[in-house]
Structures are given as structure tokens and as C-alpha cells.
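Chain residues, written in single-letter form:
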Amino acid sequence: AMASIWENVLKPAWDAIAPFVKVTFEATVLVIETAVRVITGIFNAVSDLLRGDFAGAWEDAKGVVTTAVNGIGEIVNTVFGGLVESVKQIGADVIT
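Residues numbered from 1 in each chain as written. Predicted model: local features only at pLDDT ≥ 70, side-chain atom pairs only at ≥ 80, totals over all residues. Heavy atoms only, no water.

1. Focus on the overall build of the protein
The secondary structure content of the protein amounts to two helices and zero strands. Put simply, the protein has 96 residues, and 18% of those count as buried. Contacts spanning at least 24 positions in sequence make up 68% of the contacts within the protein whose residues lie at least 6 apart. For the protein, the exposed surface amounts to about 6,900 Å²; the carbon and sulfur share of it is 73%. Between the mean site of the 6 positive side-chain charges and the mean site of the 11 negative ones, the protein shows a separation of 2 Å. (Helix = DSSP H or I, 4+ residues; strand = E, 2+ residues; numbered from the N terminus. Buried < 20%, exposed > 50% of the residue type's maximum accessible area, 1.4 Å probe, protein only. Contact = heavy atoms within 4.5 Å. Areas by Shrake-Rupley, 256 points an atom, 1.4 Å probe, with all protein chains shown as cover. Lys, Arg positive; Asp, Glu negative; His and termini not counted. Charge placed at Lys NZ, Arg CZ, Asp CG, Glu CD.)

Below, the structure written as C-alpha cells:
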């Protein structure tokens, strides 16, 4: 009975949501990585300011913006690219 439930209910349900779980996990990792890099850059900029290194602080600030923009781009690409692939896979599964 359990094998039948697994094969007929649980496995198909998991197969349907697994791509979304994967995309969500990957996007979450990217958000955390980007946040850590941005926070590190902010701390570096503040540290440079406190030491009077205004050029270094400016470079750090530019790096923070670049990191944030690139991170957002990666997240968007991961989410939308993953969702497109997931929908394609679901469509292929429905056809077969």
C-alpha cells in the first residue's frame, strides 16, 4: 500500500514541485551571497572613511553598487530561467 501511494501520489507530486524547490534554493543562496558581499563592502567603505581613505571608500561604495546590481541580475536570471525550464519540463511531462 505504501509503495502504491509513493508511486501514484507522492513521487509525481515531488517530481512536479522539485524544479521549483531547486530554483527557490538557488535563488535563496544567491540572495544570501549577495547580501554578505554588499554588507562586507559597506563595512569596508565605512572603515576606509574612518581611516580617512576617501578614495578607497569611494571604490568600496562603487563596488557595493556593482555587487548589488550584479546580484539582482543573477537572482532574476536564476528565478526566471529556472521557472521557464520548470514549465517546459511540466509541459513535456504532461505530453508524455
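2. As for the pattern of salt bridges
The full count for this structure, using the stated rule, is four salt bridges. Note that Lys-22 is salt-bridged to Glu-26, the shortest N-O span being 3.4 Å. Taken as a pair, Lys-22 and Glu-26 lie in helix 1 (residues 2-50) at a separation of four residues, close to a single helical turn. Note that Asp-48 and Arg-51 form a salt bridge whose closest N and O atoms lie 2.2 Å from each other. Residue classification places Asp-48 among the buried residues on the basis of a relative accessible area of 8%. (Salt bridge = Lys/Arg side-chain N within 4 Å of Asp/Glu carboxyl O.)

3. Thoughts on a nonpolar patch on the surface
On the surface, Trp-14, Ile-17, Phe-20, Val-21, Ile-72, Val-76, Phe-80, Leu-83 and Val-87 cluster together into a nonpolar patch covering about 800 Å² of accessible area. The element best represented in the nonpolar patch is helix 2 (residues 54-95), accounting for five residues. With respect to the helices and strands, Leu-83 occurs in helix 2. You can call Leu-83 partly exposed: its relative accessible area is 30%. (Patch = residues over 30% accessible without salt bridge, like charges linked within 9 Å, V, L, I, M, F, W, Y side chains within 5 Å.)

4. Here's the deal with helix 1
Since one α-helical turn is 3.6 residues long, residues separated by three or four positions face the same way. The largest bend in helix 1 comes to about 40°, at Ile-17, with the proline Pro-19 one to four residues further on. For helix 1, every residue scored as buried is listed here: Val-23, Ala-27, Leu-30, Thr-34, Val-38, Gly-41, Ala-45 and Asp-48. Once helix 1 ends, the next one or two residues include Gly-52, with phi positive near 85°. (Bend = angle between axes of the 7 residues up to and from the residue.)

5. A word on the environment of Asp-48
The residue Asp-48 is located in helix 1 in this model. Once the C-alpha coordinates of Asp-48 and Val-31 are considered, the two residues, 17 residues apart in sequence, prove to be 26 Å apart. With residues up to four places along the chain from it excluded, the contact list for Asp-48 reads Asp-53, Gly-56, Ala-57 and Asp-60.

6. Re the side chain of Asp-60
Mapped onto the secondary structure, Asp-60 falls in helix 2. No salt bridge is formed by the buried Asp-60. Its closest oppositely charged neighbour is Arg-51, at 6.1 Å. With residues up to four places along the chain from it excluded, the contact list for Asp-60 reads Gly-41, Asn-44, Ala-45 and Asp-48.

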